[in-house]
Amino acid sequence: MVWNVLAAALTLLYPLAIWFGHGAIEPRWLAGLLLATVAVRLPALRINASARWSAAGALALVAVAVASNAVLPLKLYPVLVNGALLAAFGYSLVHGPSMVERLARLREPDLPPEGVAYTRRVTQAWCAFFVVNGAIALGTALFCSNAVWSLYTGVISYLLMGLMFGGEYLLRIRFKRLHHV
């Protein structure tokens, strides 16, 4: 529990720390923040392959940032996270059950066929979200100022994610009412 809270805090603060630290702290030292973010996720590495691949990718970004003393590899971390989530959600669509179905079955083990179809569509919607969000994160990393990158990856993307969660919750309530589930 403590590790999850710490990982969430580091993930949320990461873009802002890169923005405030850039120019004042060498990128190779800022890479320590990404290393700490990976380190607090180590307990989750036993859980799934996606977490292991994401950690390996983050360590590669750390290595490139340290070797080159450039900030760009550090700005690519949100792209990596979106790619890892896309891979996990996409894999679940191909090899089932879908990621959202797995989560739904934690609360409702006897999910009806309509619910399975619905959770599949929600998983597809999240895949689209990760593609768009990752592409915007990549674009801001490559072509925008550090302030714009930080604003998008540290504020706007989280607001969009919250809107996605909230919108899906409202749709789920409507779906359950219409389908009597």
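Look a little higher up for the structure.
Summarised in this report is the structure supplied together with it.

The rules behind the values
Within each chain, residues carry numbers counting from 1 in the order of the written sequence. For this predicted model, a pLDDT threshold of at least 70 governs which residues receive local features, and a threshold of 80 or more governs which side-chain atom pairs are given and counted, while totals over whole chains, interfaces and linings are taken from all residues. Here the side-chain values reflect all heavy atoms present in the structure, with hydrogen atoms and water set aside. Labels follow the DSSP assignment, with helices taken as runs of H or I lasting at least four residues and strands as runs of E lasting at least two, numbered in each case from the N terminus. Residue burial is assigned from relative accessible area. The probe radius is 1.4 Å, only protein chains are included, and a residue is buried under 20% of its type maximum, exposed over 50%, and partly exposed in between. By the convention used here, residues are in contact when the closest approach between their heavy atoms is within 4.5 Å. Note on definitions: salt bridges are taken to be side-chain nitrogens of Lys or Arg within 4 Å of carboxyl oxygens of Asp or Glu.

### Considerations on unusual backbone geometry
Part 1 of the argument: Of note, the amide linkage connecting G96 to P97 takes the cis form, showing an omega dihedral of -10°.
Part 2 of the argument: On the secondary structure map, P97 appears in the loop between α5 (77-95) and α6 (99-107).
Part 3 of the argument: Not every positive phi belongs to a glycine, and N69 is a case in point at roughly 55°.
Part 4 of the argument: Within the secondary structure, N69 sits in the loop between α3 (49-68) and α4 (72-75).

### Looking at the side chain of N133
Part 1 of the argument: On the secondary structure map, N133 appears in helix α7 (residues 113-143).
Part 2 of the argument: A relative accessible area of 4% places N133 in the buried class.
Part 3 of the argument: Sequence-distant contacts of N133, that is, excluding residues within four places in its chain, are made with N82, Y152 and S157.

### A look at the pattern of salt bridges
Part 1 of the argument: A complete count under the given rule lists four salt bridges for this structure.
Part 2 of the argument: With a shortest N-O distance of 2.9 Å, K176 and E108 are connected by a salt bridge. Separated by 68 residues along the polypeptide, K176 in helix α8 (residues 146-179) and E108 in the loop between α6 and α7 bring together distant segments of the chain.
Part 3 of the argument: For K176, a relative accessible area of 30% corresponds to the partly exposed category.
Part 4 of the argument: The exposure class assigned to E108 is partly exposed, which follows from its relative accessible area of 28%.

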